[in-house]
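These are the residues of each chain, in order.
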Amino acid sequence: MRSVARVSLLLAGLSLGAVAAVAAPPANLPAPAPVSELVRAVDIPYQQFTLPNGLRVVVHEDHKAPVVAVSVWYHVGSKDEPTGKTGFAHLFEHLMFGGSEHSDQSWFTPMQQIGATDMNGTTWFDRTNYFETVPRGALDTALFLESDRMGHLLGAVTQHKLDVQRGVVQNEKRQDDNQPYGLVEYAELNALFPPGHPYHHSTVGSMADLDAASLETVKNWFRSHYGPNNAVLVLAGDIDLPTAKRLVAKYFGDIPRGPQSIPAAASVPTLPAPKHEELHDQVATTRLYREWVVPGLTDASYPALEMGAEVLGGLSSSRLDNALVRGDKSAVSVSAHVEPFERISQFTVTVDVKPGVDPNQVAARLDQIIADFVKNGPTADELQRAKTRTVSGRIRGLEEVGGFGGKAVALAEGAVYAGDPGFYKVQLQRVAALTPQQVRATVNHWLSRPVYSLRVSPGPRGAYEESKSVAHGGVHAPNYFRQPAPGEHPLAPLPDRMGPATFAPVQPRTPAGAGAGTSGGVDRSHLPPVGQIANLKFPTVEHAHLSNGIEVIFARRAAVPVVDVSVSFDAGNAADPKDKLGTQSLMLALLDEGTDRYSSVQIAEEEERLGASIGAGAGMDRTNVTLSALRPNLAASVDLLADIVRRPAFAPAEVERLRGQQLARIRQELSQPQGIALRTLPPLLYGKAHPYGVPFTGTGDPAVVARVSRDDLAAFHDSWMRPSKAKIFVVGDTSLAEIMPILERNFGDWHDEGPAPTKNFDAPIPANPTHIVLIDRPNSPQSLILAGEVLGPTGRDDLVPLLEANDVLGGSFLSRLNWDLRETKHWSYGVGSTVRRVVGRVPFLVFAPVQADQTGPSIAALNADMHDFLTDKGVTAEELERTIDGSIRELPGSFETSSEVLGGMEQNDEYGRPDNYYETLASHYRALTAADLDTVARHTIDPNKLVWVVVGDASKVKPQLDKLGIPVETVAAAH
């Protein structure tokens, strides 16, 4: 997969209109901790060694959980690809998931069984990396597999695998290109970098080059770049240096040194003159881009550029936010960021124009703001807030040993790009030392050069590059089907966690001539046995009550100086008024946009000074306002949280501004297939009168949002966000004795006013016969299928057997549904099913984006696979072993961070489970049999009751659907 390094556009905060005098914060609160003190708290002790073959190894000990992060970075990426071989680095990343000489099977077959978490591989311009976090007892297995694909891969790379993964990559390209703004990257790279420049082409590469790739040229690419002397291995977690030396020498020591790969040199190009382009796309709003190429990650000027971008458009109180979003309200969102690479970086500014506003006027104002900032630079206060936000973000990332941004990543990035695993500290020290004058001078130097200006406007998309090869398909399968964190809607996707694979039994097969047997003292005829896996030790949970009766649920985690707080209310999307859908979402967006004491800007600035992060969101049953606070600034951060929760102002000017932003968000949902499906299916399943019969996105009805009043918002807040419906969860570097007085001071005098509302779960659920609702979205190269039915059990029932059965059916990469449509038929990006846990009756959902020309056959295949599974082709012994072992072994790595612990505590409370629930799960899993899983699935899921929503081009899709024998209703897509 390509690393998605773009910074997401954030819906901006609210209006500047009320920056009038407000009451000062309490004088007895301590001043925020200085940035220098925060920087001292960022520390990742490490040791390193190098094998004779050149493999550099970095070791960090962290014994808070019995897991080890394994991260392998190869110093080769798409910038190192010669003409005619674009996309090879990314293609080979896929191939390296497809099996090696001594484990010729899907990488994910053994990884699922050993309980690996945070598992993925990514390719970007400068590097290719692979990572997984595994239980300590499974570290030998992980190192065996990583070493086998480093030193013993090519014997398992066949023409068939190349053809399949070529199609995988091409379908990934199609999937990305099909998104709104999906063609922007190509325009950027073509404009900013001259032909022949290493960064001129995208990481995914040219369709023509991928089509032309032969087996031998691909193998030669691997031979040239993937030797141990071009790699860095980081082991972070429950391990020490002697153990690391012994295991790394054992598994990697026999791999011969390869050719020395020299990363391509690349200068920082400057455009000869300003360049302006315009694209049209199926987008909800016009987006303006301003871009420059600037120095790379290790350059001494990079931190000043990074801080400049924060002040200009990264902070919630940024110049662009205050001027365009809060000020004249001509934009619905803004962003500025520096995207770092090894040799160069991209400084990018974006503005999403408010619908109905002249983009030319916004563009002129944008250029004026940038010019003023380039000339005058940041104020001391702006720079201080940018520094605090940057350092506090790094501190939070250090709680995790692996994943996309944990300690292993920080060490590996420094080792690869700077030759120094501790380079993260150099960067932070440079940030801390910056002055406003230095930032001004650096920004002025680089951003006074000619700008690349791009406008993406709503309209028909023009023709673009497409592959002639369409026979192959399948790509990384996003895990759309995990249990959501509090505040997420039920199908919120994760970043890709899966990679390409080929199916095989758990025990590896050794191809003829592959050299099975002993290699470097390692018996490679079979995978190493998994050692003892430590049982999960969930933190001790304590309970207390404030004087007004609000329960406080607490657990201590002291790995980093951070405290997470969640004020959780019995509300959620199910509480949204049936005649005013969208009220809750707009109310939540307004909470931190002005209170009785602070204006919108002051709230943003105070969060930044404190290094705090406050947000609000809703799931189906709960509404949460969350705080992540730095330990030294805890009291002041909780004070700000309480003001936001209890005393929102709902100022009329702010209401109007946020109303426009929410309407723009709804328009964006209606331009995306997934958004359309998530808005359409729930009312069909539950009926519009049921609490769950509302769009899963939570944004509501645009007609309602357009007219909902300030009084409606205040009334919803006062009715649902009240002490009798509240519980406060706290996890982090504090104690119950310390946090209780802080919470009492801020929440203890809060009392209910008036009767509390309830949710009507007695509303009847319609008995829908199976049918298909086809939503016509012309010119869609793919169709999105979302199907569901309401099951009998509720979220407070024991769903473990059903969840494990669904893992086999559609809940994992190796599941029946994904394997058939992705790996066997190559029709889909990734398919899955889920049992969504809610307090009431739970739904079963099936999700499948598929080729447009295979929409009808895909539904037929899904139905056939489900019927087979639920009749005579139930859970096999191998599937049971893989699923149960994986579920047990991944438990220790599932609660590594405070936020994961907090989420587990909230779910235990929500579903009526004991505090030690997760510690009892392993025993529950071990007791399950294949017959148990088959019985519960067959008695609970009925594919004949599924309601299907298909979002696609009706002219191409409906004739296919008419052949299925299922009633079809065609409706136009809403706008």
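Everything here concerns the structure above.
Residues numbered from 1 in each chain as written. Predicted model: local features only at pLDDT ≥ 70, side-chain atom pairs only at ≥ 80, totals over all residues. Heavy atoms only, no water.

### Concerning the overall build of the chain
Check the secondary structure of the chain and you find 32 helices and 26 strands. Whereas a compact globule of 975 residues would reach a radius of gyration of roughly 30 Å, the chain reaches 27 Å, a difference of no more than 12%. Expressed along its principal axes, the backbone C-alpha trace of the chain runs to roughly 80 × 65 × 60 Å. Of all 975 residues assigned to the chain, the portion counted as buried reaches 64%. Residue pairs at least 24 apart in sequence account for 83% of intrachain contacts in the chain once pairs closer than 6 positions are excluded. Roughly 32,900 Å² of accessible area belongs to the chain as shown, and the carbon and sulfur atoms make up 53% of that amount. (Helix = DSSP H or I, 4+ residues; strand = E, 2+ residues; numbered from the N terminus. Rg over C-alpha atoms; globule rule 2.2 N^0.38 Å. Buried < 20%, exposed > 50% of the residue type's maximum accessible area, 1.4 Å probe, protein only. Contact = heavy atoms within 4.5 Å. Areas by Shrake-Rupley, 256 points an atom, 1.4 Å probe, with all protein chains shown as cover.)

### So, helix α11 (residues 319-327)
Counting buried positions along α11 gives eight out of nine residues, so the element sits mostly inside the fold. When α11 is considered as a whole, its buried residues turn out to be R319, L320, D321, N322, A323, L324, V325 and R326. Positive backbone phi, at 55°, marks K329, one or two positions downstream of α11.

### A closer look at the pairing of strand β24 (residues 841-851)
Burial runs high along β24: 10 of the 11 residues are buried. Bridge analysis of strand β23 (residues 832-835) against β24 gives four bridges, and the strand direction is antiparallel. Bridge assignment links S833 to a residue of β24, and that residue is V846. The loop that links β23 with its antiparallel partner β24 comprises five residues. (Pairing = 2+ DSSP bridges.)

### Re the packing of aromatic side chains
Taken as a whole and judged by the stated rule, the model has 30 aromatic pairs. When the ring of W73 is compared with that of Y417, the centres are 6.3 Å apart and the planes differ by 75°; the resulting orientation is edge-to-face. In this pair, W73 sits in strand β4 (residues 67-74) while Y417 sits in helix α14 (residues 407-418), placing the two residues 344 residues apart along the sequence. Taken as a pair, W73 and Y417 share a single burial class, namely buried. Here Y692 and F761 contribute two aromatic rings whose centre-to-centre distance is 5.3 Å and whose plane-to-plane angle is 70°, an arrangement assigned as edge-to-face. Taken together, the positions of Y692 in the loop between α21 (673-686) and α22 (702-707) and F761 in the loop between α24 (736-747) and β21 (771-776) put the pair 69 residues apart, joining distant regions of the chain. (Phe/Tyr/Trp six-rings, centres within 6.5 Å; stacked < 30°, edge-to-face > 60°.)

### Focus: the pattern of salt bridges
A complete count under the given rule lists 48 salt bridges for this structure. Among the salt bridges present, the one from K958 reaches D962, with a minimum N-O distance of 3.0 Å. With K958 and D962 both in helix α32 (residues 954-962) and four residues apart, this pair spans about one turn of that helix. Connected through salt bridges with shared partners, the residues D381, R385, E605, E606, E608 and R609 form a single ionic network. (Salt bridge = Lys/Arg side-chain N within 4 Å of Asp/Glu carboxyl O.)

### Quick look at the packing of helix α12 (residues 359-376) against helix α16 (residues 436-447)
As a packed pair, α12 and α16 sit with axes 7 Å apart at the nearest point and diverge in direction by 130°. By the angle class used here, α12 and α16 are oblique. On the side of α12, the interface is formed by F373, V374, K375 and N376, while α16 contributes R440, V443, N444 and L447. When grouped by side-chain class, the residues that make up the contact of α12 with α16 number four nonpolar, two polar and two charged. (Axes fitted to C-alpha atoms, helices over the stretch in contact; angles between N-to-C directions. Parallel < 35°, antiparallel > 145°, perpendicular 65-115°, else oblique. Nonpolar A, V, L, I, M, F, W, Y, C, P; charged D, E, K, R; others polar.)

### Examining helix α18 (residues 600-610)
Among the 11 residues in α18, nine count as buried, and that is most of the element. Every buried residue of α18 is accounted for by S600, V601, I603, A604, E605, E606, E607, E608 and L610. Looking at the buried residues of α18, the elements they touch are α11, α13 (380-397), β18 (613-618), β19 (622-630), α19 (634-646) and α20 (652-670). Looking one or two residues beyond α18, the residue adopting positive phi is G611, at roughly 70°.

### Some details on the side chain of E879
Along the chain, E879 falls in helix α28 (residues 877-889). Residue E879 is classed as buried on the basis of its relative accessible area, which comes to 8%. A polar contact is formed between the side chain of E879 and the side chain of R816, at a distance of 2.7 Å. A polar side-chain atom of E879 sits 3.0 Å from the main-chain amide nitrogen of T876. When sequence neighbours within four positions are dropped, the list of residues in contact with E879 reads V808, R816 and G874. (Polar contact = N/O pair within 3.5 Å; in protein donor to acceptor, adjacent residues only side chain to side chain.)

### Let's talk about unusual backbone geometry
Phi is mostly negative for residues that are not glycine, and the peptide bonds are mostly trans. One non-glycine residue with positive phi stands out, namely Y181, at about 65°. Examined against the element boundaries, Y181 turns out to sit in the loop between α5 (159-177) and α6 (184-192). Phi is positive for N779, which is not a glycine, with a value near 65°. Looking at where N779 falls in the secondary structure, it is placed in the loop between β21 and β22 (782-794).

### Thoughts on the packing of α19 against α24
To describe two helices that pack against each other, one gives the angle between their axes and the distance between the axes. The N-to-C vectors of α19 and α24 enclose an angle of 30°; their axes lie 9 Å apart at closest approach. It follows from the interaxial angle that α19 and α24 lie roughly parallel. As for how α19 packs across α24, the hand of that crossing is right-handed. Only I739, I742, L743, R745, N746 and F747 of α24 make contact with α19, whose side of the interface consists of L634, A635, V638, D639, L641, A642, V645 and R646. In the contact of α19 with α24, the residues fall into 10 nonpolar, one polar and three charged. (Left-handed = near helix turned anticlockwise from the far one by under 90°.)

### Here we look at the side chain of Q584
With respect to the secondary-structure elements, Q584 resides in helix α17 (residues 583-590). Under the relative-accessibility criterion, Q584 is labelled buried at 2%. Apart from residues no more than four positions distant in its own chain, Q584 is found in contact with A571, G572, N573, D576, A618, T623 and F716.

### So, the sheet that holds strand β20 (residues 726-732)
What the six strands build is an open sheet, ordered β15-β16-β20-β17-β19-β18; its pairing is mixed. The open sheet has two edge strands with one neighbour each: β15 (541-545) and β18. For this sheet, the mean angle separating the axes of adjacent strands, direction not counted, is 15°. With nine bridges connecting them, strand β17 (residues 562-570) and β19 associate as antiparallel partners. Bridge pairing in β19 places S568 opposite N624. Packed on one face of the sheet, α17 meets β18 and β19 and runs near 175° to β18. Across the face of the sheet, α19 comes into contact with β17, β18 and β19 while running at roughly 155° to β19.

### Things to note about the pairing of strand β9 (residues 287-295)
Regular strands place their side chains on alternate faces of the sheet. Counting buried positions along β9 gives nine out of nine residues, so the element sits mostly inside the fold. Inspection of the sheet shows β9 paired to strand β11 (residues 344-353) by nine bridges, in the antiparallel sense. Across the sheet, Y289 pairs through a bridge with T350, a residue of β11.

### What about the sheet that holds β4?
Strand-to-strand pairing in sheets goes through backbone hydrogen bonds, with the strands running parallel or antiparallel. Read across the open sheet, the six strands follow the order β2-β3-β7-β4-β6-β5; overall the sheet is mixed. Either end of the sheet is taken by a strand with one partner, and the two such strands are β2 (47-50) and β5 (117-123). Going from strand to strand, the sheet's axes swing by 15° on average, the running direction of each strand aside. Of the pairings in the sheet, the one linking β5 to strand β6 (residues 128-135) comprises five bridges and is antiparallel in character. When the sheet's bridge partners are listed, T122 is paired in β6 with N129. Running at roughly 25° to β2, helix α9 (residues 241-252) makes contact with β2, β3 (56-61) and β7 (231-237) of the sheet. Against the sheet, α14 touches β3, β4 and β7, its axis set at about 25° to β4.

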